[in-house]
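Architecture at a glance
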Amino acid sequence: MFSIFLYFCIQMKRAIIVGASSGMGLEVAKLLLADGWKIGIAARRVDMLNSVKAENEEMVEVAQIDVTQSDAPERLLDLIERMGGVDLYFHASGIGKQNLELDAEVELNTVETNAMGFTRMVDAVFRYMADNGGGRIAVISSIAGTKGLGPAPSYSATKAFQNIYIEALEQLSNSRKLGISFTDIRPGFVDTALLSGGNYPMLMRPERVARSIVKATYAHRHVKIIDFRYRILVFFWRLIPRFIWRRLRLV
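Note that the coordinates shown come from a computational prediction; the quantities given were computed from them, not determined experimentally.

Some words on the packing of helix α2 (residues 23–34) against helix α7 (residues 206–218)
Orientation of α2 relative to α7, taken along the N-to-C sense of each, is 60°, at an axis distance of 9 Å. By the angle between their axes, α2 is oblique relative to α7. You can see that α2 and α7 cross each other, and the crossing is right-handed. When α2 is examined against α7, the residues M24, E27, V28, L31 and L32 are found in contact with a partner set consisting of P206, E207, V209, A210, R211, I213, V214 and Y218. Partitioning the contact of α2 with α7 into residue classes produces 10 nonpolar, no polar and three charged.

Side note on α2
Compared with an ideal rise of 1.5 Å per residue, which puts 12 residues at 16 Å, α2 spans 17 Å between its outermost C-alpha atoms and is within 8% of the ideal. Turning to α2, its buried residues number three or more, namely M24, G25, L26, E27, V28, A29, L32 and L33. With its phi angle positive at about 95°, G36 sits one or two positions after the end of α2.

Considering helix α6 (residues 153–176)
Side chains three or four residues apart in an α-helix point the same way, a direct result of the helix having 3.6 residues per turn. If you check α6, its first and last C-alpha atoms are 35 Å apart, about what 24 residues at 1.5 Å a residue would give, namely 34 Å. Summarising the contacts, the buried residues of α6 are in contact with α5 (104–131), β5 (135–140) and β6 (180–186). Directly after α6, the chain includes K177, whose backbone phi takes a positive value near 55°.

Focus: the pattern of salt bridges
Side-chain pairs of opposite charge can arise where the charged atoms are in close proximity. According to the stated counting rule, one finds 10 salt bridges in the structure shown. Linking E112 and R120 is a salt bridge whose minimum nitrogen-to-oxygen distance equals 3.9 Å. When its relative accessible area of 28% is taken as the criterion, E112 is described as partly exposed. Notably, a salt bridge pairs D184 with R186, separated by 2.9 Å at the nearest N-O pair. Residue D184 shares its accessibility class with R186, and that shared class is buried. Each member of the salt-bridge network shares a partner with another, and the members are E61, D78 and R82.

Looking at empty space enclosed by the protein
Within the structure shown, the criterion is met by one cavity of 30 Å³ or more. One number sums up the size of the largest cavity: a volume of about 40 Å³. As for the largest cavity, its lining consists of V28, L32, L88, F90, I213, V214, T217 and Y218. Counting only elements with at least two residues in the lining of the largest cavity, the list comes to α2, β4 (88–91) and α7.

Conventions and cut-offs
- Residues numbered from 1 in each chain as written.
- Predicted model: local features only at pLDDT ≥ 70, side-chain atom pairs only at ≥ 80, totals over all residues.
- Heavy atoms only, no water.
- Axes fitted to C-alpha atoms, helices over the stretch in contact; angles between N-to-C directions.
- Helix = DSSP H or I, 4+ residues; strand = E, 2+ residues; numbered from the N terminus.
- Parallel < 35°, antiparallel > 145°, perpendicular 65-115°, else oblique.
- Left-handed = near helix turned anticlockwise from the far one by under 90°.
- Contact = heavy atoms within 4.5 Å.
- Nonpolar A, V, L, I, M, F, W, Y, C, P; charged D, E, K, R; others polar.
- Expected span 1.5 Å × (residues − 1).
- Buried < 20%, exposed > 50% of the residue type's maximum accessible area, 1.4 Å probe, protein only.
- Salt bridge = Lys/Arg side-chain N within 4 Å of Asp/Glu carboxyl O.
- 1 Å grid on protein atoms, 1.4 Å probe; cavity = no way out; pocket = protein on both sides within 12 Å on 5 of 7 lines; lining within 4 Å.
- Points joined across faces, edges and corners; volume = space filled by probe spheres on them.

Dropping the structure here:
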């Protein structure tokens, strides 16, 4: 494992984290910085990002990027240029909440961020890497993409979209011999602002999850379900026939 870590520290020194103002994105940014990476951090809110930069002036670049806006790819490319390139792109931007009443604003905002915004950003960095010798793209999706979840329809659907989309992009990269690889990170419930105010089982600390994420990225894992409890849960979810799943009460 140390040899894998050493390889990445030598070969891949520039990482960009989108969605780095809080939660797992912020924790991953701190870990990469501690490992000697030069990082570019981006989010809609930049107060926390500027605090990180103030403590590590030479190793951090900051950009204000809203993935739902049409100028987001241009802002990302500007950040890449200021970084002198990118070896690892980490996508941590996402929203989601339970929506039992199917409020239209919640559903559409989730789709706009987790599907449209995700595609906008991943496509932009994929095209850049295709023209500049490849790289690695890591995405925080979710175990929610395993099955359609009635309490959070758009969230589970957009996470399934992310799972399939990056799988397709990796196949495309391999077909074109572009040298772009992917890590699909699928956590369960993590104690971040996204879940504030709720009562969730098997809640994980973001610092611990971030360590597992970085380890999986260093090891070139294609898919990583965080925590053995969630791996067991997902295993049994997949065994449940669809005609039974449709009738389950999850609320």
